[in-house]
Amino acid sequence: MKIVKEYNEAEAIDVIEITRANYITGNIIEVFFNDGSNQVIDFRPFLSNALHPSISKYLDADLFNQFEIVNGNLNWNDYDLIFPIHTLHEGKIM
């Protein structure tokens, strides 16, 4: 028996990118991806465990809320803080 799945060009996504992100509260952002999925991500555990002050400073909600979407990824202060897109897509940052 041969299993065949027809290729549908409309379903093909070469690169996962963030299309939109909504700040919720504290250090939580809802992130929307170009494949139609979304994740609600709490960055607080990561930021709380950071030993370097250039990362832990983003525990301040006012500073944390100043993210932008640049080239399909979340970016804070001109790449001061950025995460691999696959970890955001999985909703698991460490």
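Everything numeric here is computed off the predicted structure, so don't read it as measured data.

Conventions we followed
- Residues numbered from 1 in each chain as written.
- Predicted model: local features only at pLDDT ≥ 70, side-chain atom pairs only at ≥ 80, totals over all residues.
- Heavy atoms only, no water.
- Phe/Tyr/Trp six-rings, centres within 6.5 Å; stacked < 30°, edge-to-face > 60°.
- Helix = DSSP H or I, 4+ residues; strand = E, 2+ residues; numbered from the N terminus.
- Buried < 20%, exposed > 50% of the residue type's maximum accessible area, 1.4 Å probe, protein only.
- Core = buried A, V, L, I, M, F, W, Y, C linked by side-chain atoms within 4.5 Å.
- Contact = heavy atoms within 4.5 Å.
- Salt bridge = Lys/Arg side-chain N within 4 Å of Asp/Glu carboxyl O.
- Polar contact = N/O pair within 3.5 Å; in protein donor to acceptor, adjacent residues only side chain to side chain.

Draft legend 1. Structural detail: the packing of aromatic side chains. By the definition in use, this model includes 9 aromatic pairs. An angle of 55° between the planes, with centres 6.4 Å apart, marks the rings of tyrosine 23 and phenylalanine 64 as tilted. A residue pair is termed long-range when its members are at least 10 positions apart, and tyrosine 23 in strand β1 (residues 18–25) and phenylalanine 64 in helix α3 (residues 61–64) qualify at 41 residues. Judged by its relative accessible area of 0%, phenylalanine 64 is buried. Of the aromatic side chains, those joined through ring pairs into one cluster are Tyr23, Phe43, Phe46, Tyr58, Phe64, Phe67, Trp76 and Phe83.

Draft legend 2. Representation of the nonpolar core within the structure. Core analysis: the largest hydrophobic core is formed by 17 residues, its most contacted members being Ile29, Phe43, Leu74, Trp76 and Leu88. Elements with a contribution of two residues or more to this core: β1, β2 (28–33) and β5 (73–76). Setting aside chain neighbours within four positions, we find tryptophan 76 in contact with Ile29, Phe43, Tyr58, Leu63, Phe64, Gln66, Phe67, Leu81 and Phe83.

Draft legend 3. Spotlight on the pattern of salt bridges. Enumeration over the complete set of coordinates arrives at 1 salt bridge. Aspartate 80 is the partner of lysine 57 in a salt bridge, and the nearest nitrogen-oxygen pair spans 3.0 Å. Here lysine 57, found in the loop between α2 (53–56) and α3, pairs with aspartate 80, found in the loop between β5 and β6 (81–82); they are 23 residues apart in sequence, far enough to count as distant. On the basis of relative accessibility, which here comes to 35%, the residue lysine 57 falls in the partly exposed class.

Draft legend 4. How the structure looks around the side chain of threonine 87. Within the element layout of this structure, threonine 87 appears in helix α4 (residues 85–90). For threonine 87, the residues in contact, after removing those within four places along its chain, are Lys92 and Ile93.

Draft legend 5. Region of the structure containing the side chain of asparagine 27. Counting through the fold element by element, asparagine 27 comes out in the loop between β1 and β2. Within the local environment of asparagine 27, its side chain forms a polar contact with the side chain of arginine 44, the two groups lying 3.1 Å apart. Reaching out from asparagine 27, the side chain makes a polar contact with the backbone oxygen of tyrosine 58 at a distance of 3.0 Å. Beyond its immediate sequence surroundings of up to four residues, asparagine 27 is in contact with Ile41, Asp42, Phe43, Arg44, Leu47, Tyr58, Leu59 and Phe64.

Draft legend 6. The arrangement of the environment of phenylalanine 46 in detail. Looking at the element boundaries, phenylalanine 46 is found in helix α1 (residues 44–49). A residue is classified by how much of its surface remains accessible, and phenylalanine 46, at 21% relative accessible area, is partly exposed. Separated by 48 residues in sequence, phenylalanine 46 and methionine 94 have C-alpha atoms that sit 5.7 Å apart. Non-local contacts of phenylalanine 46, meaning those with residues more than four positions away in its chain, are made with Ile55, Leu81, Phe83, Ile93 and Met94.

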